[in-house]
Amino acid sequence: MDIAAFLEWLEASGLATRIRDSNYLFPLIESTHVFGLALVFGTIAIIDLRLLGIASTQRSVRRMASDILKWTWAAFALTALTGSLMFITNAPVYYHNFFFRAKMLLLALSGVNMLVFELTAGRTIHGWDRAPSAPRTGKVVAALSLVMWVSIIFMGRMIGFTTSRAAVAVPPPAGLNFDDFLQRTPNDSGGTKNPPPRNK
Amino acid sequence: MGSVFMIYLRILGWAGMDQTLRQTTIRFGPWLTGGLSLMLVTGILMVIGEPVRELVTFSFWLKMFLVAVSTLIAAAFQITLRKHEQLWEETLVNRKSIKGLAIATFLIWVCIIILGRLIAYDHVWGPWSPATKA
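Residues numbered from 1 in each chain as written. Chains lettered and ligands numbered in written order. Predicted model: local features only at pLDDT ≥ 70, side-chain atom pairs only at ≥ 80, totals over all residues. Heavy atoms only, no water.

Asks: I tried to follow the interface of chain B and chain A on my own but got confused; where do I start?
Replies: Often the size quoted for an interface is simply the accessible area lost on bringing the parts together. Each partner contributes residues to the interface: chain B has 32 residues there, and chain A has 33 residues. Contact with chain A buries area across many residues of chain B, yet Arg27, Arg117 and Tyr121 of chain B alone supply 20% of it, more than any other trio. Remark: the boundary between chain B and chain A carries three salt bridges. Counting across the interface, chain B meets chain A through six residue pairs in polar contact (both at pLDDT 80 or more). Sorting the residues of the side of chain B that touches chain A by element identifies helix 1 (2-12), helix 2 (21-49), helix 3 (51-55) and helix 6 (96-118) of chain B as the ones contributing at least two each. It is helix 6 of chain B that provides the largest number of residues to the side of chain B that touches chain A, a total of six residues. Taken together, the residues that form the side of chain B that touches chain A break down as 24 nonpolar, four polar and four charged. (Contact = heavy atoms within 4.5 Å. Buried area = accessible area lost by both parts, 1.4 Å probe. Salt bridge = Lys/Arg side-chain N within 4 Å of Asp/Glu carboxyl O. Polar contact = N/O pair within 3.5 Å; in protein donor to acceptor, adjacent residues only side chain to side chain. Helix = DSSP H or I, 4+ residues; strand = E, 2+ residues; numbered from the N terminus. Nonpolar A, V, L, I, M, F, W, Y, C, P; charged D, E, K, R; others polar.)

Asks: For this particular structure, what's the right way to read helix 1 of chain B?
Replies: For an α-helix the count is 3.6 residues per turn, leaving residues at separations of three or four pointing the same way. Counted residue by residue, helix 1 of chain B has eleven buried out of eleven residues, so it is predominantly covered. Of the residues making up helix 1 of chain B, those classed as buried are Gly2, Ser3, Val4, Phe5, Met6, Ile7, Tyr8, Leu9, Arg10, Ile11 and Leu12 of chain B. Packing partners of the buried residues in helix 1 of chain B comprise helix 3 (25-52) and helix 4 (61-89) of chain A together with helix 2, helix 4 (58-83), helix 5 (85-90) and helix 6 of chain B. Once helix 1 of chain B ends, the next one or two residues include Gly13 of chain B, with phi positive near 80 degrees. (Buried < 20%, exposed > 50% of the residue type's maximum accessible area, 1.4 Å probe, protein only.)

Asks: How do you make sense of the environment of Asp67 of chain A when you look at a structure like this?
Replies: Secondary-structure assignment places Asp67 of chain A in helix 4. Contacts of Asp67 of chain A, omitting those with residues within four sequence positions, involve Arg59 of chain A together with Ala15, Gly16, Met17 and Asp18 of chain B.

Asks: How should I be thinking about helix 6 (residues 98-119) of chain A in this particular structure?
Replies: All names here are of chain A. Look at helix 6: 31 Å from first C-alpha to last across 22 residues, which is about the 32 Å you get at 1.5 Å a residue. Along helix 6, the positions that sit buried rather than exposed are Phe99, Phe100, Ala102, Lys103, Leu106, Ser110, Asn113 and Phe117. Taken down its axis, helix 6 places every buried residue within 160 degrees of arc, on the same side. For helix 6, the exposed residues lying more than 90 degrees away from the buried face are Leu105, Leu115 and Leu119. Close packing links the buried residues of helix 6 with helix 3, helix 4, helix 5 (91-96), helix 7 (125-128) and helix 8 (136-163). Looking at where helix 6 begins, the residue whose side-chain oxygen comes 2.9 Å from the main-chain nitrogen of Phe99 is Asn97. (Expected span 1.5 Å × (residues − 1). Arc of directions from axis to C-beta.)

Asks: How do you make sense of the packing of helix 3 of chain A against helix 8 of chain A when you look at a structure like this?
Replies: When two helices pack together, their arrangement is captured by the angle between the axes and the distance separating the axes. Residue and element names in this part refer to chain A. Across the interface, helix 3 lies against helix 8 with an axial gap of 9 Å and an inter-helix angle of 160 degrees. Considered as vectors, helix 3 and helix 8 are oriented roughly antiparallel to each other. As helix 3 packs across helix 8, the resulting crossing turns out to be left-handed. Residue-level inspection shows Glu30, Leu37, Val40, Phe41, Ile44, Ala45, Asp48, Leu49, Leu51 and Leu52 of helix 3 in contact with helix 8, the latter providing Gly138, Lys139, Ala142, Ala143, Ser145, Leu146, Trp149, Val150, Ile153 and Arg157. Split by residue class, the contact of helix 3 with helix 8 holds 14 nonpolar, two polar and four charged. (Axes fitted to C-alpha atoms, helices over the stretch in contact; angles between N-to-C directions. Parallel < 35°, antiparallel > 145°, perpendicular 65-115°, else oblique. Left-handed = near helix turned anticlockwise from the far one by under 90°.)

Asks: Would you mind going over a nonpolar patch on the surface with me for this structure?
Replies: Together, Leu40, Val41, Ile44, Leu45 and Ile48 of chain B make up a nonpolar patch on the protein surface, roughly 520 Å² of accessible area in all. Following the sequence through the fold, Ile44 of chain B ends up in helix 2. (Patch = residues over 30% accessible without salt bridge, like charges linked within 9 Å, V, L, I, M, F, W, Y side chains within 5 Å. Areas by Shrake-Rupley, 256 points an atom, 1.4 Å probe, with all protein chains shown as cover.)

Asks: Before we go on, may I ask you to explain the packing of aromatic side chains in this structure?
Replies: In this description, a pair of aromatic rings is defined by centroid distance and the angle of the planes. The final tally for this structure, using the stated rule, is 17 aromatic pairs over all chains. Aromatic pair Trp71 of chain A and Trp14 of chain B: ring centres 6.2 Å apart, planes at 10 degrees, arrangement stacked. With one member in each of two chains, Trp71 of chain A in helix 4 and Trp14 of chain B in the loop between helix 1 and helix 2 form a pair that bridges those chains. Classification of Trp71 of chain A by relative accessible area gives partly exposed; the value is 25%. Judged by its relative accessible area of 47%, Trp14 of chain B is partly exposed. Taking the centre distance of 5.9 Å and the plane angle of 85 degrees together, the rings of Trp73 of chain A and Phe76 of chain A count as edge-to-face. Linking Trp73 of chain A with Phe76 of chain A, this pair stays in helix 4, spanning three residues, or about one helical turn. On the basis of relative accessible area, Trp73 of chain A is assigned to the partly exposed category, the value being 48%. Judged by relative accessible area, which is 29%, Phe76 of chain A ranks as partly exposed. Through successive ring pairs, a cluster of aromatic residues spans Phe35 and Trp71 of chain A together with Phe5, Tyr8, Trp14 and Phe106 of chain B. The ring of Tyr95 of chain A is capped by Arg101 of chain A, whose NZ or CZ atom sits 4.7 Å from the centre of that ring. (Phe/Tyr/Trp six-rings, centres within 6.5 Å; stacked < 30°, edge-to-face > 60°. Lys NZ or Arg CZ within 6 Å of the ring centre and 35° of its normal.)

Asks: I would appreciate a short explanation of the pattern of salt bridges in the present structure.
Replies: Should their charged atoms come close, side chains of opposite charge can pair. By the definition in use, this model includes eight salt bridges over all chains. Between Arg59 of chain A and Asp18 of chain B there is a salt bridge, and its shortest N-O distance comes to 2.8 Å. Placement of Arg59 of chain A in the loop between helix 3 and helix 4 and of Asp18 of chain B in the loop between helix 1 and helix 2 is noted, with the two residues assigned to different chains. According to the relative accessible area criterion, Asp18 of chain B is partly exposed, its value standing at 31%. Asp67 of chain A is the salt-bridge partner of Arg63 of chain A, the closest N and O atoms lying 3.8 Å from each other. Of the two residues, Arg63 of chain A and Asp67 of chain A both sit in helix 4, four residues apart, roughly one turn of that helix. Using a relative accessible area of 7% as the deciding quantity, one classes Asp67 of chain A as buried. Here the salt bridges share partners, and the residues they tie into one network are Arg59, Arg63 and Asp67 of chain A together with Asp18 of chain B.

Geometric descriptors of this kind do not, in isolation, establish any biological role.
See below:
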């Protein structure tokens, strides 16, 4: 089975169809994905800022890592699961989407980044565990990690803006005149005459 | 979210037990305030950008209500902790009711995240959503 056939098979699967046909499942899965990523990024940032010597500089790095990283991994598992569920609903489109590919590449690179840490500064951690910051390689890894995770979130959001199946503008409810609300006349509202498509 | 999560984990005794509660809030409190402020600014910019899309939704208003509630709780917690530090460290933090309250307020933050995403899918509320009354 080639990749195109596989993607179509995924999209046609019972699970994907069920999520697509439901009014509630996709929004709920996506919300859970956002919750998970908030925790992934939040907890990773705590460790990265410690390595950079910006915050929690008095605490043992190993102690913090053992306290926090299990939550990072749990949250990452949640985002990977919910992300996969969203992917299968429209697999061929996501697969060919630039931002999806960039995000997957960045995820892989952040894995490599983590591996580099383990093989360099991580090996001598007992020597700098209580130092205010990590050695230079550790700092570089931490800074790269922060940049990559912010980019991953950005790419993830862009996937939603560029693959939306509901890219048709929905008019505001009848009877609601927003210009009245804003105390303006329609002509000087300064808004765009052709509003951008309403995306996810 | 990371900051608020770490404070809850410390109250629950699931992380950061080498630090006192006060040390934990000194570390994460300012980041929590900073994160909230950043989201307030970017949130306002998004509302200005697409006011109808944001304001004519049930999710948005419920979210704003919950943001107000949880911000008040967070502020009240930090103020009482500063005033009654010893009481918090020795007694209150070990109480089951306080741990229950921590879980409940954490769930409010989870709801805020979910509602934020649901602004784009307000139809899930059916007749409760003003956007469906077209």
